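Here's the letter readout for the chains.
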Amino acid sequence: MTELAHPDRLAKVAAIRESGEDPYPARGVASTPVAEIIAGAGSADDPGPLLGEKVTVAGRLLGLRDFGKLIFAPLLDRTGRIQTGLQKNRLGDWWPRRKWLDGGDLVAVTGELGHTQKGEVTVWASEVQLLAKAVAPPPEKWHGLTDKEARYRRRYVDLWASEGVRDVFVKRSRILACIRRYLDGEGYLEVETPTLHPIMGGATARPFTTHHNALDMDFYLRIAPELYLKRLIVGGLERVFEIARNFRNEGISVRHNPEFTMLELYEAQADYRRMMELTEGMLEMLCREVNGGTRTTFRGQEYELAAPYPRLAYADLFREHNGCDFDDQSAVRARAKELEIRDAGNYWKLMNDVFEATVEDHLSGPAFVIDYPVQICPLAKAKPDDPRLAERFELFIAGMELGNAFTELNDPAEQQRRFEDQVADKDPETPGEVDLDYVQALEFGMPPTGGLGIGIDRLVMVLTNQDSIRDVLLFPAMRPHRADGEHGAPDGAEA
RNA sequence: GGGCGCGUAGCUCAGUCGGUAGAGCAACUGGCUUUUAACCAGUAGGUCGUAGGUUCAAUCCCUACCGCGCUCACCA
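Residues numbered from 1 in each chain as written. Chains lettered and ligands numbered in written order. Predicted model: local features only at pLDDT ≥ 70, side-chain atom pairs only at ≥ 80, totals over all residues. Heavy atoms only, no water.

Participant: I'd like to hear about the packing of aromatic side chains, residue by residue, with values.
Facilitator: Summed over all chains, the structure comprises 12 aromatic pairs. On the numbers, 3.9 Å between centres and 15° between planes, the contact of Tyr314 with Phe355 is stacked. You can see Tyr314 sitting in helix α9 (residues 314-322) and its partner Phe355 sitting in helix α11 (residues 347-358), a full 41 residues away along the chain. Of the two residues, Tyr314 and Phe355, neither departs from the other in class, the shared state being buried. A ring pair is formed by Tyr314 and Tyr372, whose centres lie 4.7 Å apart and whose planes are at 45°; its orientation type is tilted. You can see Tyr314 sitting in helix α9 and its partner Tyr372 sitting in strand β16 (residues 367-373), a full 58 residues away along the chain. (Phe/Tyr/Trp six-rings, centres within 6.5 Å; stacked < 30°, edge-to-face > 60°. Helix = DSSP H or I, 4+ residues; strand = E, 2+ residues; numbered from the N terminus. Buried < 20%, exposed > 50% of the residue type's maximum accessible area, 1.4 Å probe, protein only.)

Here it is, written out as structure tokens:
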């Protein structure tokens, strides 16, 4: 037991056992979802089909309002909240056992469905069954959990004690279901590719490393599924997607979690223009699904997600905000100095840093930034009519990068050259060796292909108006609260 | 990793310009059969994040550490 287990409640557990009842019975009870009961109750003036019927609800008691011979107790299940009324004259022999109940307990209540004098739908209990005793007290009923640390560490409490929290995660689930439905409708196959990668690739990021004992070799946790998914395009699956957990060993912030979810999809015979249309179509549909319309509010600002979104050329944006062309090296270097951006030696990285510093925050969006300099797109095909640029776009909403897509490079020799350039960089965020197996896959021929990645967590943030990525992750990354592990408590019980 | 801020009862928060702490809710006892942040009376509950330092005396001042939040950097 941890220090959260309350002595009074533990004493009740003992008393329940002594009476021969089980405070933690093995079986639940058949019950009707609360939302169904509320809907079936109607009002006092306009009775529904369930009014006056005997019903059973099961869920968590959120509190007890004790009037002596009458107790009102709101009960919460996954579908909603309903009031139960416990009366002495309806409960007979059971009545003395009401003293064993506390707020937070899990119970099943059976009784006649009716209304109170004030008109609130109420289950008038004729039978109460304890399903599981809560020995830790719930948080304060009015404020709920407001301390963010406590909320993230004890999400299992936050989900029922804090208003609106469960709703965000229900929406997240619906968004994922909706994506799957949409892509299924487009003829896509959902696939799963390795999380343990022998060679990092598909993005630039610092990886986590781990070790396989039997093989006695190190693996990287994937930073992107990209190269495996494109192997499947070579394999002829033609339309594939993966909702992939990626891992990047970088900072944690309001927009970054070390593990995060990306939708990546690849479509043969498509290019980045098709990917833009797919992105717009999907976002508009997702917004309708969770917000009932094409607008969403995020960080106090409203965004219109109906397609189409403006296409803004990288080169134009760069010139607008910096007064020089992106490939005017001396001018860009001067501009970087002005902005106090440190020069690590790689011109194109520096140039893109300047772009990010001067342009991205101003992109309210939704908008596609298109046609990136080819040097910062090692996996994208160059534009046929301008080899300085790659057929790539990034999707921005609220200054936040939500998506990244390109017409995929399928020339094996060109791909190998670009990999070799990356390796030569010796940057910890780029691969240490060329993925020759991937090059070999391309040697067998990959059709012209469009690929797209969308950051699901950030998308959920925008669609559910949550400021922090932690608020759309059930269990955001946290330091363990008590590394010295005193006794019992696994987390910040005393915080 | 840098900067700023926070950590007091199970929860939400006061407070002490240095003299070892309070409220509301939750819990417990009693009263109340239509409340809904129910109400009334009473009881209990705290190594004031941890460890040092200064001091006659530290929850308060100082230092370090731990944890969290915001922010900057890196990235998605």
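Here the narrative resumes, following the displayed structure.
Participant: Give a detailed account of the protein's contact with RNA strand B, specifying residues and quantitative values.
Facilitator: Residues in contact with RNA strand B amount to 54 residues; listed here are only the nearest, Lys12, Gln117, Lys141, His256 and Arg458. Taken together, the sugar and phosphate atoms account for 60% of what RNA strand B places within 4 Å of the protein. At a separation of 3.2 Å, a sugar or linking oxygen of RNA strand B approaches a polar side-chain atom of Thr146. Looking at the surface near RNA strand B, the elements that each hand over two or more residues are α1 (7-18), β2 (65-66), β3 (70-77), β4 (80-87), α4 (148-153) and α11. Considering every element that reaches the surface near RNA strand B, the biggest residue donor is α4, with three residues. Across the surface near RNA strand B, the residue classes tally to 15 nonpolar, 15 polar and 24 charged. (Near = heavy atom within 4 Å. Polar contact = N/O pair within 3.5 Å; in protein donor to acceptor, adjacent residues only side chain to side chain. Nonpolar A, V, L, I, M, F, W, Y, C, P; charged D, E, K, R; others polar.)

Participant: So what about unusual backbone geometry? Which residues, and what values?
Facilitator: Of note, the bond from Ala307 into Pro308 is cis; its omega dihedral lies within 30 degrees of zero at 0°. Among the secondary structure elements, Pro308 is positioned in the loop between β14 (301-304) and β15 (311-313). In this structure, Pro366 follows Gly365 across a cis peptide bond, with omega equal to 0°. On the secondary structure map, Pro366 appears in the loop between α11 and β16. Phi is positive for Arg299, close to 50°, though the residue is something other than glycine. Positionally, Arg299 belongs in the loop between β13 (295-298) and β14. With phi around 65°, Asp371 is a residue other than glycine that occupies positive phi space. With respect to the helices and strands, the residue Asp371 is situated in strand β16.

Participant: Please set out the domain arrangement of chain A residue by residue, giving values where relevant.
Facilitator: Examined at the domain level, chain A breaks down into domain 1 (7-138) and domain 2 (165-310 + 365-472). Just the C-alpha atoms count here: the centres of domain 1 and domain 2 sit 48 Å apart. (Domains from an automatic or database assignment.)

Participant: Which residues make up the pattern of salt bridges, and what values go with them?
Facilitator: Pairs may arise between side chains of opposite charge once their charged atoms sit close together. Going through the model one piece at a time under the given rule, you end up with 36 salt bridges. Where Glu289 meets Arg174, a salt bridge forms, and the shortest distance between an N and an O atom there is 3.4 Å. Taken as a pair, Glu289 in helix α8 (residues 272-291) and Arg174 in helix α6 (residues 165-185) lie far apart in primary sequence, 115 residues in all. Glu289 gets classed as partly exposed once you look at its relative accessible area, which sits at 27%. Judged by its relative accessible area of 32%, Arg174 falls in the partly exposed class. Two residues, Glu302 and Arg295, come together in a salt bridge whose shortest N-O distance is 2.8 Å. (Salt bridge = Lys/Arg side-chain N within 4 Å of Asp/Glu carboxyl O.)

Participant: Run through the environment of Glu36, naming residues and quoting values.
Facilitator: Tracing the backbone shows Glu36 in helix α2 (residues 34-41). Remark: the alpha-carbon pair of Glu36 and Asp167, spanning 131 residues in sequence, is separated by 18 Å.

Participant: Tell me what's going on with the nonpolar core, and back it up with residues and numbers.
Facilitator: The biggest cluster of nonpolar side chains holds 47 residues, and the ones touching the most others in it are Ile179, Leu183, Leu263, Leu265, Met275 and Phe393. In this view, Met275 contacts Tyr188, Leu265, Glu267, Ala270, Phe393, Ala405, Gly450, Gly451 and Leu452; residues no more than four positions away in its chain are not counted. Phe326, Tyr372, Ile376 and Phe396 belong to the second largest nonpolar core, which has 42 residues in total. (Core = buried A, V, L, I, M, F, W, Y, C linked by side-chain atoms within 4.5 Å. Contact = heavy atoms within 4.5 Å.)

Participant: Before we move on, could you go through the packing of helix α10 (residues 329-338) against α11 and cite the residues and values that matter?
Facilitator: Where α10 meets α11, the axes come as close as 10 Å, and the angle between the chain directions of the two elements is 55°. As the angle between them shows, α10 and α11 are arranged oblique. The hand of the α10/α11 crossing is left-handed. Contact residues: Gln329, Val332, Arg333, Arg335 and Ala336 in α10; Tyr347, Leu350, Met351, Val354 and Thr358 in α11. By residue class, the composition of the contact of α10 with α11 is six nonpolar, two polar and two charged. (Axes fitted to C-alpha atoms, helices over the stretch in contact; angles between N-to-C directions. Parallel < 35°, antiparallel > 145°, perpendicular 65-115°, else oblique. Left-handed = near helix turned anticlockwise from the far one by under 90°.)

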